[in-house]
Amino acid sequence: MDMMTGPAAERVETADDPVQGEGTRGAPRESDLRLHALVEESFDVVLVVQADGTLTYVSSAIRATAGYEPQELVGSNFLLYVHPDDTAMAQRWFAQALRSPDLVIRGQLRYRQQDGRWRYADAVSRSLMDHPGVGGIVAILRDATDRTLAEQSRRASEARLNTLMEQSSDVILLTTPDGRVEYAGAAVAEATGYQGAEIIGKSVVDFVHPDDRAAAAAAFADVAEGRSDGFRAVWRCRHKDGQWRIHEVIGRDGRGVPGVPGLIVTCRDVTERRVLDQARRDGDAMLLAIARSARDAIVLVGNDGRIAFWNDGASVLYGWSEREALGADFIGLVPKERRQRVLDDFRQVRETGRSALMNKTLETIALTNAGEQVPVEMTLTPVNLKDQWNVLLIVRSIAERRLAAAERETHEGAIRRSLVESIEAIAATLEARDPYTAGHARRVSALCVAIATRLGYTEDRICGLRLAAQVHDIGKISIPAEILCKPGRLSEIELRLVQTHSQAGYDILRNVQFPWPIAEIVRQHHERLDGSGYPRGLKATEILPEAKILAVADVVESMVQHRPYRAAMGMEAALTELSGGRGARYDARVVDVCTALFREQGYAFGA
C-alpha cells in the first residue's frame with residue numbers, strides 16, 4: 001500500500017501518541033494508521049491543498065480514476081488539472097474554504113486525466129488548516145463521469161424530442177392511460193384555438209363530439225387495460241370557437257418511454273379534405289355545410305377555369321357572394337400583374353394534372369371585390385373529377401399575421417436599441433473604474449469596426465462586434481484593482497487570476513439574450529490560432545471570426561498605449577508583433593487588413 005506523501009503525511013507519521021509510553025513516542029498512532037489505510041483504499045480521491053494551491057497529498061485512488069501516480073502531482077498547483085471552464089469556480093471554492101474553515105463546500109468540476117481527457121467529479125472540500133495532522137484544505141473527489149455524461153445525453157435527447165414536438169404541424173399530446181392531457185404541443189393553438197394550458201389536466205374525450213365520444217372513451221380504455229397497444233380513428237373535435245372539426249387521431253401506448261405518462265396522441269385536422277371527399281362521393285349535406293362554414297376560403301375551379309364551389313370563408317375573404325362567384329372566371333381573384341403566370345400554371349394542371357405549385361403552401365396576393373390586394377396563404381391541389389382535372393384552392397388571409405410580424409419587428413428593434421444602450425453604459429462604467437486603461441475599450445472597438453468594414457461584414461454583424469469589443473474586459477471587474485494596476489511584474493498566480501477575466505466576462509454576459517454571440521466573442525478574445533491562448537486553448541476554425549478581429553485590435557492598442565508596468569511600445573513594435581504571428585497566432589487576413597489601415601490608410605487611434 002502506498003503511504004501518504006508530503007507534509008500532511010509527515011505530520012501523521014511523526015505525531016506523538018499520548019496513549020503510548022515514552023518508548024513509543026514518534027511512532028504513528030494506530031488510529032492514524034487505520035485512517036490512512038481507509039483513505040488509501042478508498043475509491044474516492046483524497047487531496048490536501050496548501051493555501052497557495054500546492055498539492056501536498058494525493059491518495060492512491062488517483063491511479064484508477066486519472067492514471068497519475070500520486071507523487072507526480074504532489075508539489076504542483078491543483079489548478080493545473082482543473083478544466084479551464086471550471087477554474088474560476090474552483091478558485092471561488094478555494095477562497096471560501098480559506099475564509100470559512102467550518103464550511104463544507106460541495107459541487108462538481110472537471111479534471112484532466114493523464115491522457116488529456118476530462119472527467120467529471122463530485123467534490124467535497126473543507127479547510128483543515130489548523131488541524132495538526134493535515135494543515136491544508138482537504139478535498140474528496142468522487143468520479144461522476146458516467147452519471148454526468150448519461151444525464152447530458154438524456155437532456156440532449158429530451159431537448160431534441162421537445163423541439164420535434166413543438167415544431168410539428170400536427171397536434172401532439174401526452175396523456176394518462178385514460179386520456180387526461182399532461183402535455184400539449186405548440187400546434188394545439190393553431191388546430192383547436194385552445195392554448196396548451198387550457199387543456200392540460202382535461203380529458204381528450206371531453207372535446208370529442210357527443211356522437212363520437214363513446215368510441216373515443218372505449219379506445220382509451222382498451223389501451224389503459226391492455227387490450228390494445230394503440231388506435232387510429234377519425235373523430236369530430238370541438239374548436240374553441242364552437243365549430244366541430246374533423247381530426248384523424250392516432251394513439252400509441254407510450255408507457256415504456258421515459259417521460260410519457262400513458263399515451264402519445266397525434267391529431268391532424270382533415271376537415272376540408274374529408275368534407276370535400278365525402279361531398280363528392282355522396283353529396284352529404286352535413287359535411288358540405290361544414291365545408292361551407294370553414295374559416296378558410298375553399299374554392300373549386302373547374303376544368304374550364306370557372307368557379308364550381310365557393311364557401312362562406314371565400315365570401316368573407318374575397319367579398320363576392322356565392323351567387324356572384326359561381327360560374328365566374330377564377331382569374332378575377334388574381335391581381336393583373338400575376339395573372340399570366342397563374343394561367344400558365346392552370347393550363348399545366350388541366351393538361352397533365354401536375355403543377356410546380358401543387359400540394360405546397362405558398363404566400364401570394366388575393367384580389368377582393370373592392371379591388372384591395374390581401375396577402376394570403378394558399379394551397380393548390382389538382383382534383384380529378386369525371387376524368388377532368390380541376391383545381392382545389394384553400395386560401396387563408398395572413399394580413400393579421402403580417403401586421404403582428406411588423407409589430408414584433410418594431411418591438412425587437414426597440415429591445416435591440418435598449419441592449420446597445422445598456423452595453424454602452426456598462427463600457428462607460430468599466431472605463432471609470434480603471435483610469436489606467438481609460439479609452440482602451442473605445443479604441444479597440446473603433447479599430448474592430450474599421451477592420452470588419454474592410455472585410456465586408458454586414459452592418460448588423462459589425463454592430464455585434466463593436467458592442468463585444470466595448471465590454472471585452474468586463475471580466476476584470478472580478479479581479480482586485482491592486483493586481484490590475486500593479487506596476488511590477490505579476491506572479492504566476494496573479495497572472496493566472498488575470499487570465500480568468502475572459503471566462504468571467506462570459507459568465508457575466510452569457511444569460512443576456514443578445515442577437516449576437518457577444519458572450520462567446522468576449523470569452524475567445526485571448527484565444528490564438530495555434531492553441532496557445534486562453535481560457536480554452538481553441539485553435540483556428542474553433543475561434544469565432546469576430547474574436548479573431550478583437551484579438552488583433554486588442555494586441556495593437558495595448559502595445560501602443562502606456563501601462564502602469566511598462567511604457568508604450570509604439571506602433572512599429574505592435575505591427576511587428578502582428579507580422580511575426582501572422583497565420584500562426586493571428587488570422588492572416590485580419591493582420592493584413594489591420595496593417596494596411598495603419599501603413600497605407602493613415603488610420604490612427606483617437607483619444
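For the structure, see preceding data.
Report on the accompanying structure.

Quick notes on the rules
Residues numbered from 1 in each chain as written. Predicted model: local features only at pLDDT ≥ 70, side-chain atom pairs only at ≥ 80, totals over all residues. Heavy atoms only, no water. Phe/Tyr/Trp six-rings, centres within 6.5 Å; stacked < 30°, edge-to-face > 60°. Buried < 20%, exposed > 50% of the residue type's maximum accessible area, 1.4 Å probe, protein only. Lys NZ or Arg CZ within 6 Å of the ring centre and 35° of its normal. Helix = DSSP H or I, 4+ residues; strand = E, 2+ residues; numbered from the N terminus. Arc of directions from axis to C-beta. Contact = heavy atoms within 4.5 Å. Axes fitted to C-alpha atoms, helices over the stretch in contact; angles between N-to-C directions. Parallel < 35°, antiparallel > 145°, perpendicular 65-115°, else oblique. Left-handed = near helix turned anticlockwise from the far one by under 90°. Nonpolar A, V, L, I, M, F, W, Y, C, P; charged D, E, K, R; others polar. Pairing = 2+ DSSP bridges. Salt bridge = Lys/Arg side-chain N within 4 Å of Asp/Glu carboxyl O. Core = buried A, V, L, I, M, F, W, Y, C linked by side-chain atoms within 4.5 Å.

## Some points on the packing of aromatic side chains
Point 1. All told, the structure shown has 11 aromatic pairs when counted by the stated rule.
Point 2. Judged by centre distance (5.6 Å) and plane angle (45 degrees), the ring pair of W310 and Y318 falls under tilted.
Point 3. On the basis of relative accessibility, which here comes to 2%, the residue Y318 falls in the buried class.
Point 4. Connected via pairs of aromatic rings, a cluster forms that spans F220, F231 and W235.
Point 5. Across from the ring centre of Y457, 4.1 Å away, lies the NZ or CZ of R461, which sits over that ring.
Point 6. Lying across the ring of Y506, R523 places its NZ or CZ 3.6 Å from the centre.

## With respect to helix α23 (residues 571-581)
Residues spaced three or four apart along an α-helix point in a common direction, a consequence of the helix completing one turn every 3.6 residues.
Point 1. Listed as buried for α23 are A574, L575, L578 and G581. For α23, the angular spread of the buried residues around the axis is 130 degrees, confining them to a single face. Every exposed residue of α23 that faces more than 90 degrees away from the buried side is listed here: T576, S579 and G580.
Point 2. Close packing links the buried residues of α23 with α22 (545-560) and α24 (588-599).
Point 3. Of the residues flanking the end of α23, it is G583, one or two places downstream, whose phi is positive at about 80 degrees.

## As for unusual backbone geometry
Point 1. Between Y534 and the following residue, P535, the backbone shows a cis peptide bond with an omega angle of 15 degrees.
Point 2. Counting through the fold element by element, P535 comes out in the loop between α21 (518-524) and α22.
Point 3. Even without being glycine, A540 reaches a positive phi, approximately 35 degrees.
Point 4. In this fold, A540 is placed in the loop between α21 and α22.

## Re the packing of helix α16 (residues 440-454) against α24
Point 1. Packing of α16 against α24 leaves a shortest axis separation of 10 Å and a crossing angle of 110 degrees. As judged from the angle between their axes, α16 and α24 are roughly perpendicular. Read as a crossing pair, α16 and α24 show a hand that is right-handed. Between α16 and α24, the contacting residues are L447, A450, I451 and R454 on the first element and V590, V593, C594, L597 and F598 on the second.
Point 2. Looking at the contact of α16 with α24 residue by residue, the class counts come to eight nonpolar, no polar and one charged.

## Describing the pairing of strand β6 (residues 171-175)
Point 1. With five of five residues buried, β6 lies mostly within the body of the structure.
Point 2. Residues V171, L173 and T175 point to one face of β6 and I172 and L174 to the other, with burial holding for every one of them.
Point 3. Of the pairings in the sheet, the one linking β6 to strand β10 (residues 263-269) comprises five bridges and is antiparallel in character. Directly across from L173, in β10, lies its bridge partner V265.

## Section: the sheet that holds strand β2 (residues 55-58)
Sheet strands pair via backbone hydrogen bonds, and the direction of the pair is either parallel or antiparallel.
Point 1. Read from one edge of the open sheet, five strands run β2-β1-β5-β4-β3, paired in antiparallel fashion. The open sheet has two edge strands, β2 and β3 (105-112), and neither has a second partner. Strand-to-strand twist across the sheet, computed as the mean angle between neighbouring axes with direction ignored, equals 30 degrees.
Point 2. Examined bridge by bridge, strand β1 (residues 45-49) and β2 share three bridges and lie antiparallel to one another. Counterpart to V48 in the pairing with β2 is Y57.

## Things to note about the pattern of salt bridges
Point 1. Under the definition given, this model contains 31 salt bridges.
Point 2. The partner of R227 in a salt bridge is E225, and the shortest N-O contact between them spans 2.3 Å. Each member of the pair, R227 together with E225, is exposed.
Point 3. Between D473 and K476 there is a salt bridge, with the nearest N and O atoms lying 3.8 Å from each other.

## Focus: the environment of F231
Point 1. Tracing the chain through its elements places F231 in strand β8 (residues 230-238).
Point 2. Since its relative accessible area comes to 9%, F231 is described here as buried.
Point 3. Apart from residues lying up to four places away in sequence, F231 is in contact with A219, F220, V223, V249, I250, G251, R252 and L263.

## Describing the nonpolar core
Point 1. The biggest cluster of nonpolar side chains holds 46 residues, and the ones touching the most others in it are L447, I451, I518, I549, V556 and L578.
Point 2. Among the elements of the structure, α15 (399-433), α16, α17 (459-470), α20 (501-509), α21, α22, α23 and α24 are those that each provide at least two residues to this core.
Point 3. No other element matches α22, which puts eight residues into this core.
Point 4. Beyond its immediate chain neighbours, meaning those up to four positions away, L578 contacts V552, V555, V556, Y586, V591 and C594.
Point 5. One finds L73, F78, L79 and L109 within the second-largest nonpolar core, a separate group that totals 26 residues.

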